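The chain contents come next:
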Amino acid sequence: AEDMEITEGLVQELKKALRVKSGAADSEVRGLVEACLMELRIAGVYARSLEDPLCRQAATLYCKAHYGYDDKAGPFLEAYEALRDAMALSGDYKEVARP
């Protein structure tokens, strides 16, 4: 079963990773997770659940690369891209044919 809901718990977890406390950031973090999932799909990575540790890590790195870490965005983006590419090559995240 697909569990792609961006839960409040995930948003709070990501805000903690980003060291952000403002409630106003919730929608921006949610939008970054949605963009991350779309970018993963473009790369051929079909995340089935945000409970998957690699999907969560990809979302965390993506958020850190795109949310106010201007001086450190490069390393976070490189780490995200390396993880994305590894996931795409692994075969574990291929699209499952639907009957």
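Parameters at a glance
Residues numbered from 1 in each chain as written. Predicted model: local features only at pLDDT ≥ 70, side-chain atom pairs only at ≥ 80, totals over all residues. Heavy atoms only, no water. Axes fitted to C-alpha atoms, helices over the stretch in contact; angles between N-to-C directions. Helix = DSSP H or I, 4+ residues; strand = E, 2+ residues; numbered from the N terminus. Parallel < 35°, antiparallel > 145°, perpendicular 65-115°, else oblique. Left-handed = near helix turned anticlockwise from the far one by under 90°. Contact = heavy atoms within 4.5 Å. Nonpolar A, V, L, I, M, F, W, Y, C, P; charged D, E, K, R; others polar. Disulfide = S-S within 2.5 Å. Buried < 20%, exposed > 50% of the residue type's maximum accessible area, 1.4 Å probe, protein only. Expected span 1.5 Å × (residues − 1). Salt bridge = Lys/Arg side-chain N within 4 Å of Asp/Glu carboxyl O.

## Some details on the packing of helix α1 (residues 8-18) against helix α3 (residues 53-66)
And step 1. Axis separation between α1 and α3 bottoms out at 10 Å; the angle between their running directions is 50°. Relative to α3, α1 is oriented oblique. The interaxial crossing formed by α1 with α3 has right-handed handedness. The segment α1 lies against α3, with Leu-10, Glu-13, Leu-14, Ala-17 and Leu-18 engaging Arg-56, Ala-59, Thr-60, Cys-63 and Lys-64.
And step 2. For the contact of α1 with α3, a count of residues per class yields six nonpolar, one polar and three charged.

## Comments concerning the state of the cysteines
And step 1. Under the criterion given, the structure shown has zero disulfides.
And step 2. Among the cysteines around Cys-55, which has no disulfide bond, Cys-36 carries the closest sulfur, lying 8.3 Å off.
And step 3. Residue Cys-55 is classed as buried on the basis of its relative accessible area, which comes to 2%.
And step 4. Summary of cysteine pairing: Cys-63 is not part of a disulfide, and the nearest cysteine sulfur, belonging to Cys-36, is at 7.0 Å.
And step 5. According to the relative accessible area criterion, Cys-63 is buried, its value standing at 1%.

## Focus on helix α4 (residues 73-90)
And step 1. The first and last C-alpha atoms of α4 sit 26 Å apart over 18 residues, in line with the 26 Å expected at 1.5 Å per residue.
And step 2. The secondary structure elements touched by the buried residues of α4 are α2 (26-42) and α3.
And step 3. At the C-terminal side of α4, Gly-91 shows a positive phi close to 85°.

## What to know about the pattern of salt bridges
And step 1. For the coordinates displayed, the defined rule picks out six salt bridges.
And step 2. Arg-56 is paired through a salt bridge with Glu-13; the nearest N and O atoms lie 2.5 Å apart. With a gap of 43 residues between them, Arg-56 in helix α3 and Glu-13 in helix α1 connect regions that are remote in the sequence.
And step 3. The buried category is assigned to Arg-56, whose relative accessible area is 16%.
And step 4. Between Glu-39 and Arg-84 there is a salt bridge, with the nearest N and O atoms lying 3.3 Å from each other. Of this pair, Glu-39 sits in helix α2 while Arg-84 is found in helix α4, placing the two residues 45 residues apart along the sequence.
And step 5. Overall, Glu-39 belongs to the partly exposed group, its relative accessible area being 24%.

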